Amino acid sequence: MQPNQQLLTAKDVMTATGIRARSTLWRKCKAREFPAPVEIGSNRIRWLSRDVDQWIETRQRRLY
């Protein structure tokens, strides 16, 4: 992990992405539509901020 890399909680991920429900977040992870988290300890998981940022950048922009 890079020195400036942050570990994000599910709440942090939901805030950053606009995903409103944990079940939606987990469903997207299971379907491989969203980056998988890393296990950092017993029953503790986090997402790498780099992975979440890359996912956000790949989203198609809505044009009006």
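Parameters at a glance
- Residues numbered from 1 in each chain as written.
- Predicted model: local features only at pLDDT ≥ 70, side-chain atom pairs only at ≥ 80, totals over all residues.
- Heavy atoms only, no water.
- Helix = DSSP H or I, 4+ residues; strand = E, 2+ residues; numbered from the N terminus.
- Contact = heavy atoms within 4.5 Å.
- Areas by Shrake-Rupley, 256 points an atom, 1.4 Å probe, with all protein chains shown as cover.
- Lys, Arg positive; Asp, Glu negative; His and termini not counted.
- Charge placed at Lys NZ, Arg CZ, Asp CG, Glu CD.
- Pairing = 2+ DSSP bridges.
- Axes fitted to C-alpha atoms, helices over the stretch in contact; angles between N-to-C directions.

Participant: Report on the overall build of the protein, specifying residues and quantitative values.
Facilitator: Broken down by element type, the protein carries three helices and three strands. Scanning the protein from its N terminus toward the C terminus, one meets helices and strands in the order β-α-α-β-β-α. Taking the intrachain contacts of the protein between residues at least 6 apart in sequence as the baseline, contacts between residues at least 24 apart amount to 38%. Surface exposure of the protein reaches about 5400 Å², of which carbon and sulfur atoms provide 46%. Averaging the positions of the 13 positive and the 6 negative side-chain charges in the protein gives two centres separated by 7 Å.

Participant: How would you sum up the sheet that holds strand S3 (residues 44–48)? Please name residues and give values.
Facilitator: What links the strands of a sheet is backbone hydrogen bonding, and the strands pair in either a parallel or an antiparallel sense. Here we have three strands laid out as an open sheet, ordered S1-S3-S2, and antiparallel in their pairing. Edge positions in the sheet fall to strand S1 (7–8) and strand S2 (38–41), since each of these pairs with one other strand and no more. This element, helix H3 (residues 49–58), spans S1 and S3 of the sheet and lies at about 50° to S3.

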